[in-house]
Amino acid sequence: MQSYFWVKTFHLVFVVAWMAAVFYLPRILVNIAEASGQQAVVERLQLMGKRLYGFGHSMFGIAFLLGLVLWLGYKVLPDFPTMVAPGAAGWLHAKLGLVMLLLVYFIFTGRWLKGTLKGKTLPSSRALRWFNELPLVLFIAIVYLVLAKPF
């Protein structure tokens, strides 16, 4: 049982690290959009964005692997409990669907960042600020599903 809590602890730590990248990468895009004409600033922000994007992918990968252990670890690890009662996994499927939407969002922001490296323009900073709010809504729904397990 102790191993379950350690796996869960590290899963949450890596999820938090990934979410930091998910929340901050669009802010970097906002700053790039607002720094047009200041090439040194844009280059610094692009470098920060590239590093953050790589960091975010690493954190997602580790969180994903630990999540698989939490979900299916009981099948291969002795005395490892399951977090999903048989027949009550609807909340988990909904959560995984929302996590996939967050991953698509993160990849989409990374594509925008890579586009700036090739000289492509971004949407307006105002549009990017609205776009930046989407992951918060998804994250709130994910946390609710995990805590309440409504179905």
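Residues numbered from 1 in each chain as written. Predicted model: local features only at pLDDT ≥ 70, side-chain atom pairs only at ≥ 80, totals over all residues. Heavy atoms only, no water.

**Regarding the overall build of the chain**
Part 1 of the reasoning: Helix and strand counts for the chain come out as five helices and zero strands.
Part 2 of the reasoning: Each helix and strand of the chain, ordered N terminal to C terminal, gives the series α-α-α-α-α.
Part 3 of the reasoning: Taken along the three principal axes of its C-alpha coordinates, the chain extends 60 × 25 × 20 Å.
Part 4 of the reasoning: In the chain, the share of contacts with a sequence separation of at least 24, taken over all contacts with a separation of at least 6, comes to 77%.
Part 5 of the reasoning: For the chain, the computed accessible surface area is about 9,000 Å², with 70% contributed by carbon and sulfur atoms.
Part 6 of the reasoning: Across the chain, the mean location of the 14 positive side-chain charges is 6 Å away from that of the 4 negative side-chain charges. (Helix = DSSP H or I, 4+ residues; strand = E, 2+ residues; numbered from the N terminus. Contact = heavy atoms within 4.5 Å. Areas by Shrake-Rupley, 256 points an atom, 1.4 Å probe, with all protein chains shown as cover. Lys, Arg positive; Asp, Glu negative; His and termini not counted. Charge placed at Lys NZ, Arg CZ, Asp CG, Glu CD.)

**Describing the packing of helix 2 (residues 39–72) against helix 3 (residues 90–117)**
Part 1 of the reasoning: At a minimum axis separation of 10 Å, helix 2 and helix 3 run at an interaxial angle of 160 degrees. In terms of their interaxial angle, helix 2 and helix 3 are classed as roughly antiparallel. Between helix 2 and helix 3 the crossing geometry is left-handed. Contacts from Gln46, Gly49, Lys50, Leu52, Tyr53, Gly56, His57, Phe60 and Trp71 in helix 2 reach Leu92, Leu96, Val99, Met100, Leu103, Phe106, Ile107, Gly110, Leu113, Lys114, Thr116 and Leu117 in helix 3.
Part 2 of the reasoning: Split into classes, the residues belonging to the contact of helix 2 with helix 3 amount to 13 nonpolar, six polar and two charged. (Axes fitted to C-alpha atoms, helices over the stretch in contact; angles between N-to-C directions. Parallel < 35°, antiparallel > 145°, perpendicular 65-115°, else oblique. Left-handed = near helix turned anticlockwise from the far one by under 90°. Nonpolar A, V, L, I, M, F, W, Y, C, P; charged D, E, K, R; others polar.)

**Digging into the pattern of salt bridges**
Part 1 of the reasoning: Going through the model one piece at a time under the given rule, you end up with one salt bridge.
Part 2 of the reasoning: A salt bridge links Arg129 to Glu34; the nearest nitrogen and oxygen atoms lie 2.5 Å apart. In this pair, Arg129 sits in helix 4 (residues 125–131) while Glu34 sits in helix 1 (residues 2–34), placing the two residues 95 residues apart along the sequence.
Part 3 of the reasoning: By relative accessible area, which is 35% here, Arg129 ends up partly exposed.
Part 4 of the reasoning: Judged by relative accessible area, Glu34 falls into the partly exposed class, the value being 41%. (Salt bridge = Lys/Arg side-chain N within 4 Å of Asp/Glu carboxyl O. Buried < 20%, exposed > 50% of the residue type's maximum accessible area, 1.4 Å probe, protein only.)

**Quick word on the side chain of Thr109**
Part 1 of the reasoning: With respect to the helices, strands and loops of the structure, Thr109 is situated in helix 3.
Part 2 of the reasoning: For Thr109, a relative accessible area of 0% puts it in the buried group.
Part 3 of the reasoning: The contacts of Thr109, once residues within four sequence positions are left out, are Leu25, Pro26, Leu29 and Phe131.

**Structural notes on the packing of helix 3 against helix 5 (residues 134–148)**
Part 1 of the reasoning: Orientation of helix 3 relative to helix 5, taken along the N-to-C sense of each, is 160 degrees, at an axis distance of 9 Å. The orientation of helix 3 with respect to helix 5, classified from their angle, is roughly antiparallel. Taken as a pair, helix 3 and helix 5 cross one another with a handedness that is left-handed. Facing Trp91, Ala94, Lys95, Leu98, Val99, Leu101, Leu102 and Tyr105 of helix 3, the residues of helix 5 in contact are Leu134, Pro135, Leu138, Ala141, Ile142, Leu145 and Val146.

**Brief notes about a nonpolar patch on the surface**
Part 1 of the reasoning: Together, Phe64, Leu65, Leu68, Leu72 and Tyr74 line one region of the surface with nonpolar side chains, adding up to about 440 Å² of accessible area.
Part 2 of the reasoning: Along the polypeptide, Phe64 turns up in helix 2.
Part 3 of the reasoning: We classify Phe64 as partly exposed; its relative accessible area is 42%. (Patch = residues over 30% accessible without salt bridge, like charges linked within 9 Å, V, L, I, M, F, W, Y side chains within 5 Å.)

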